[in-house]
Structure formats: structure tokens, C-alpha cells
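Per-entry structural report
Here's the letter readout for the chains.
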Amino acid sequence: THVVTENCIKCKFTDCVDVCPVDCFKEGPNFLVIDPDECIDCAVCIPECPANAIFAEEDVPEDQVGFIALNAELTPVFKTITRTKEPLPDADQWNGVADKLKHLER
Ligand code: F3S
């Protein structure tokens, strides 16, 4: 599967959504996750993310490994999103900010 990691939080650019052939993205208030049971590992979403937040599971950086379980955990909680929409208002300011996990809304 592919995994959405920390830098998505408070950005949620959603460019990843339009290119997904299997509609496996799920949306929360300020973060997206990938449904690990639906993702087909096509990888087309990776270069679309302006926040470079998406990785193949085997390429997730060491300090982001917890996001593998978090994507699975939040998949049934979040709602399916199939169309790209406006990013969160301060997305550009939050892009690249460290330690955003504490800002995650469920
Ligand atoms: Fe998040 Fe990047 Fe998609 S910021 S919503 S993973 S385009």
C-alpha cells in the first residue's frame, strides 16, 4: 500500500485524489489517509502531492513509520473523497512545518 504521512496535516492539498484510479483516499478535517485494502500501489499520487507526504509503505521514512498504522486506523473513520478540492486556507504556511501530528483532527 501507499501511505499519507505527517506533512499532509493542516495542508490537505488534495491533488492526490484526482489521479487515484481506485478512489482509495479518505478525508478527515485536516488530513487524508489511504485505504490500505483499496490501494493498488500504482504510485501516481506520489509526485502530485505538493507536500511530498505520500510514500510507498516500504519507503516511509523511519520517523513516519507510525503513519502506516494511522492510515489503517483512520480509514473507517474518515469519509471517501473522490475529487480534488481547495487546500486548507493556510496550507502553504504549514507545508514543511515539523511535528504536526499534535494538530491532527479525527
Ligand atoms: Fe495531503 Fe498531499 Fe494529498 S497534502 S491531501 S497527501 S496532495
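Let me begin by describing the structure that accompanies this report. From a predicted model like this one, the values you see are computed outputs, not experimental measurements.

What counts and what doesn't
- Residues numbered from 1 in each chain as written.
- Predicted model: local features only at pLDDT ≥ 70, side-chain atom pairs only at ≥ 80, totals over all residues.
- Heavy atoms only, no water.
- Helix = DSSP H or I, 4+ residues; strand = E, 2+ residues; numbered from the N terminus.
- Rg over C-alpha atoms; globule rule 2.2 N^0.38 Å.
- Buried < 20%, exposed > 50% of the residue type's maximum accessible area, 1.4 Å probe, protein only.
- Areas by Shrake-Rupley, 256 points an atom, 1.4 Å probe, with all protein chains shown as cover.
- Lys, Arg positive; Asp, Glu negative; His and termini not counted.
- Charge placed at Lys NZ, Arg CZ, Asp CG, Glu CD.
- Disulfide = S-S within 2.5 Å.
- Near = heavy atom within 4 Å.
- Nonpolar A, V, L, I, M, F, W, Y, C, P; charged D, E, K, R; others polar.
- Core = buried A, V, L, I, M, F, W, Y, C linked by side-chain atoms within 4.5 Å.
- Contact = heavy atoms within 4.5 Å.
- Phe/Tyr/Trp six-rings, centres within 6.5 Å; stacked < 30°, edge-to-face > 60°.
- Pairing = 2+ DSSP bridges.

This brings us to the overall build of the protein chain. Counting its secondary structure elements, the protein chain contains three helices and five strands. The secondary structure elements of the protein chain, listed N-terminal to C-terminal, are β-α-β-β-β-α-β-α. The C-alpha atoms of the protein chain give 12 Å as radius of gyration, which agrees with the globular expectation for 106 residues (13 Å, within 12%). The dimensions of the protein chain, computed from C-alpha atoms along their principal axes, are 30 × 30 × 25 Å. Out of the 106 residues in the protein chain, the part that is buried amounts to 43%. Counting only carbon and sulfur atoms, one obtains 48% of the accessible surface of the protein chain, whose full area is about 5,700 Å². The average position of the 9 basic charges and that of the 21 acidic charges among the side chains of the protein chain differ by 10 Å.

Inspection of every chain in the model, using the stated rule, returns zero disulfides. Here Cys 24 is not cross-linked by a disulfide; its sulfur's nearest cysteine counterpart is in Cys 20, at 3.6 Å. By relative accessible area, Cys 24 is classed as buried at 4%.

Here we take up the site of the ligand. Val 4, Cys 8, Lys 12, Phe 13, Thr 14, Asp 15, Cys 16, Leu 32, Cys 49, Pro 50, Ala 51 and Ile 54 make up every residue found near the ligand. For the shell around the ligand, the per-class residue count stands at nine nonpolar, one polar and two charged.

What follows deals with the nonpolar core. Phe 25, Phe 31 and Ile 54 are the most contacted members of the largest nonpolar core, which totals 29 residues. Contributing elements (two or more residues each) for this core: strand 1 (2–4), helix 1 (15–19), strand 3 (32–34) and helix 2 (66–74). When residues no more than four places from it in sequence are discounted, the contact partners of Phe 25 are Val 4, Cys 16, Val 17, Cys 20, Leu 32, Val 33, Ile 34, Cys 45, Ile 54, Lys 79, Thr 80 and Ile 81.

Before going further, it helps to spend a moment on the packing of aromatic side chains. Here the structure, examined in full by the defined rule, presents one aromatic pair. Judged by centre distance (5.9 Å) and plane angle (75 degrees), the ring pair of Phe 31 and Phe 67 falls under edge-to-face. Of this pair, Phe 31 sits in the loop between strand 2 (25–27) and strand 3 while Phe 67 sits in helix 2, and the two are 36 residues apart along the sequence. Like Phe 67, Phe 31 is buried.

Another point: unusual backbone geometry. Even without glycine at this site, Lys 10 takes up a positive phi of about 65 degrees. For Lys 10, a relative accessible area of 23% translates into the label partly exposed. In this model, Asp 41 sits at a positive phi of 60 degrees, which is unusual for a non-glycine residue. Among the secondary structure elements, Asp 41 is positioned in the loop between strand 3 and strand 4 (54–56).

Backbone hydrogen bonds are what pair the strands of a sheet, in a parallel or an antiparallel way. Strand order across the open sheet formed by three strands is 3-2-5, with antiparallel pairing between neighbours. Here the strands that pair on one side only, and so sit at the sheet edges, are strand 3 and strand 5 (79–80). As paired elements, strand 2 and strand 5 share two bridges and run antiparallel to each other. What sits directly across from Lys 26, in strand 5, is Thr 80.

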